[in-house]
Amino acid sequence: LFRSELQPGDAIVLYSDGITEAVDSTMEQFGEGRLVRAVESADGKPAEESRAAILRDLAAFVGATPARDDVTLVVLRVSGNGVLT
């Protein structure tokens with residue numbers, strides 16, 4: 001059993017492989033590194049703003065390249081009173 005205490009401002013990011021495996025016009029994958037950088041750049045924003053910012057980074061990367069898989073992204077953030085939003 002794993003236990004961890006989440007603190008106000010902490011985030012949980014859940015994503016499908018359709019995000020990390022999304023490709024640009026040269027068939028380069030978005031990858032985990034770009035996802036981590038996108039998450040880090042959205043740090044401190046409310047959950048919905050973080051989600052939107054990460055998806056904008058993904059859209060800018062893939063451009064007009066059609067998606068080959070589903071794209072699922074959930075961002076949960078602990079509010080100041082300890083509630084997940």
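All of the points below concern the structure found in this document. The model shown is predicted, which means the values in this text are computed figures rather than measured ones.

**Structural notes on the packing of helix 2 (residues 31-41) against helix 3 (residues 47-62)**
Thinking step 1. Axis separation between helix 2 and helix 3 bottoms out at 9 Å; the angle between their running directions is 140°. Classified by the interaxial angle, the pair formed by helix 2 and helix 3 is oblique. Handedness of the helix 2/helix 3 crossing: right-handed. Side by side, helix 2 and helix 3 meet where Arg-34, Leu-35, Ala-38, Val-39 and Ser-41 of the first sit next to Ile-54, Asp-57 and Phe-61 of the second.
Thinking step 2. Here the contact of helix 2 with helix 3 is built from residues that sort into five nonpolar, one polar and two charged.

What counts, and at which threshold
Residues numbered from 1 in each chain as written. Predicted model: local features only at pLDDT ≥ 70, side-chain atom pairs only at ≥ 80, totals over all residues. Heavy atoms only, no water. Axes fitted to C-alpha atoms, helices over the stretch in contact; angles between N-to-C directions. Helix = DSSP H or I, 4+ residues; strand = E, 2+ residues; numbered from the N terminus. Parallel < 35°, antiparallel > 145°, perpendicular 65-115°, else oblique. Left-handed = near helix turned anticlockwise from the far one by under 90°. Contact = heavy atoms within 4.5 Å. Nonpolar A, V, L, I, M, F, W, Y, C, P; charged D, E, K, R; others polar.

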